[in-house]
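Take a look at the letters that make up each chain.
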Amino acid sequence: MIQFHVDEERCIQCGECEVECPAGVITLGELPTITDEQGCLQCQHCLAVCPTAAISILGKNPDESVALAGNMPDPERLVTLIKGRRSVRRYKEEDLPPELIDELLDIACHAPTGVNARSVLFTVVRQRAVMHSLRQEVMEQLAKLKDSGQLPEGFIGQYLGRAVQAWQEAGTDIIFRGAPHLLVTSAPQDAPCPVQDSHIALTTFQLMAHARGVGTVWDGLFMMVLSLCPDLVPRLGIPANHILGYAMAFGAPAVEFHRTVQRGPALVNVVK
């Protein structure tokens, strides 16, 4: 049920909801109405664009939304966050507060998705003890592949071979970098753009994590592991009909960066 409701006392019939509706299913009469509930994308554009908070949809109370005016981030600070974000490869041996992980995931689920599919699944390791078990399992499987000569040729085999060696000789974890937590995004294969949605969600998670003082690293090595050990995917509880997006290790950083780096100029191709 769409549960589209308009507060008659608040509605000023400005028509913004009708114009802004991406599905074109809102019609402005005496009051705005939805003409095709099946066509509604459930994007809540109507709730967000209404200047008087007159529209409720999906049972959402517009008064419980945060007003944008006066609450948007300072652009310069946002630039610093983006430029100052670093891949963290040293972590403290402690769990993040569960409520902090929940907050980051609740924010990340607001990331845009194709056709507002909102089908990204966040598979998360919330405890160090679970992470330790997963780490042991991954290293054991890689060691078997290495010992049996089944690691592939090229850089994937070289990287993972070094990972096994570092773990066996010194207990050094270069797959997860000793992080206490792990996040893997995925989406159903029949979603409009499952991989892109998963990447956007993970990027959103990462920026908010760094804003909260949480370190992250895009875990390409673990993605290599999953390609060689596909049985780990159901082990993580990821549905068989899902396409993997990417993995990200995260936790309280054991390193502090003090300034942004200097990159650019951007590689730009101007269409003429």
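All of the points below concern the structure found in this document. Just so it is clear, the model here is predicted, and its values are computed rather than measured. (Residues numbered from 1 in each chain as written. Predicted model: local features only at pLDDT ≥ 70, side-chain atom pairs only at ≥ 80, totals over all residues. Heavy atoms only, no water.)

## Here's the deal with the overall build of the chain
When helices and strands are tallied, the chain shows nine helices and eight strands. Taken along the three principal axes of its C-alpha coordinates, the chain extends 75 × 50 × 45 Å. Going through the 272 residues of the chain one by one, you find that 38% of them count as buried. Taking the intrachain contacts of the chain between residues at least 6 apart in sequence as the baseline, contacts between residues at least 24 apart amount to 75%. Surface accessibility of the chain: about 16100 Å² in total, with carbon and sulfur atoms responsible for 51%. (Helix = DSSP H or I, 4+ residues; strand = E, 2+ residues; numbered from the N terminus. Buried < 20%, exposed > 50% of the residue type's maximum accessible area, 1.4 Å probe, protein only. Contact = heavy atoms within 4.5 Å. Areas by Shrake-Rupley, 256 points an atom, 1.4 Å probe, with all protein chains shown as cover.)

## A look at the packing of aromatic side chains
Counted according to the given criterion, the structure contains four aromatic pairs. Between phenylalanine 155 and tyrosine 159, the aromatic rings sit 6.3 Å apart at their centres with planes inclined by 85°, giving edge-to-face as the arrangement. In this pair, phenylalanine 155 and tyrosine 159 are both assigned in helix H6 (residues 155-170), four residues apart and thus about one turn of the helix distant. For phenylalanine 155, a relative accessible area of 52% corresponds to the exposed category. Pairing phenylalanine 205 with phenylalanine 250 gives two aromatic rings, centres 5.2 Å apart and planes at 75°, and the pair type is edge-to-face. With a gap of 45 residues between them, phenylalanine 205 in helix H7 (residues 194-211) and phenylalanine 250 in strand E8 (residues 242-251) connect regions that are remote in the sequence. Judged by its relative accessible area of 0%, phenylalanine 205 falls in the buried class. Phenylalanine 250 gets classed as buried once you look at its relative accessible area, which sits at 0%. Positioned above the aromatic ring of tyrosine 159, the side-chain terminus of arginine 162 is 5.8 Å from the ring centre. (Phe/Tyr/Trp six-rings, centres within 6.5 Å; stacked < 30°, edge-to-face > 60°. Lys NZ or Arg CZ within 6 Å of the ring centre and 35° of its normal.)

## Some thoughts on the sheet that holds strand E5 (residues 121-125)
To summarise the sheet geometry, strands pair through backbone hydrogen bonds and adopt either a parallel or an antiparallel arrangement. Reading across from one edge, E5-E6-E8-E7 is the order of the four strands in this open sheet, with antiparallel pairing throughout. Across the chains shown, the open sheet's two edge strands, defined by having one partner strand only, are E5 and strand E7 (215-218). When the angles between neighbouring strand axes are averaged without regard to direction, this sheet yields 25°. Two strands pair when backbone bridges link them, and E7 and E8 are joined in this way by four bridges, in the antiparallel orientation. Residue pairing in the sheet places valine 217 in a bridge with alanine 249 of E8. Across the sheet, H7 touches E5, strand E6 (181-188), E7 and E8, and the angle it forms with E8 is around 10°. Together, E6, E7 and E8 form the strand contacts of helix H8 (residues 220-228), whose direction differs from that of E8 by roughly 140°. (Pairing = 2+ DSSP bridges. Axes fitted to C-alpha atoms, helices over the stretch in contact; angles between N-to-C directions.)

## Notes on the environment of valine 138
Inspection of the secondary structure puts valine 138 in helix H5 (residues 128-147). In this structure valine 138 comes out as buried when scored by relative accessible area, which is 0%. Along the sequence, valine 138 and cysteine 229 sit 91 residues apart, while their C-alpha atoms lie 8.6 Å from each other. With sequence-adjacent residues up to four places away left out, valine 138 is seen in contact with Phe176, Phe222, Val225 and Leu232.

## Comments concerning the environment of valine 195
Among the structural elements, valine 195 can be located in helix H7. On the basis of relative accessibility, which here comes to 30%, the residue valine 195 falls in the partly exposed class. When sequence neighbours within four positions are dropped, the list of residues in contact with valine 195 reads Ile243 and Leu244.

## Considerations on the pattern of salt bridges
This structure, assessed with the given rule, holds seven salt bridges. With its nearest N and O atoms 2.8 Å apart, the salt bridge here joins glutamate 137 to arginine 235. Of this pair, glutamate 137 sits in helix H5 while arginine 235 sits in helix H9 (residues 232-235), placing them 98 residues apart in sequence. Among the residues examined, glutamate 137 registers a relative accessible area of 24% and is labelled partly exposed. Judged by its relative accessible area of 36%, arginine 235 falls in the partly exposed class. (Salt bridge = Lys/Arg side-chain N within 4 Å of Asp/Glu carboxyl O.)

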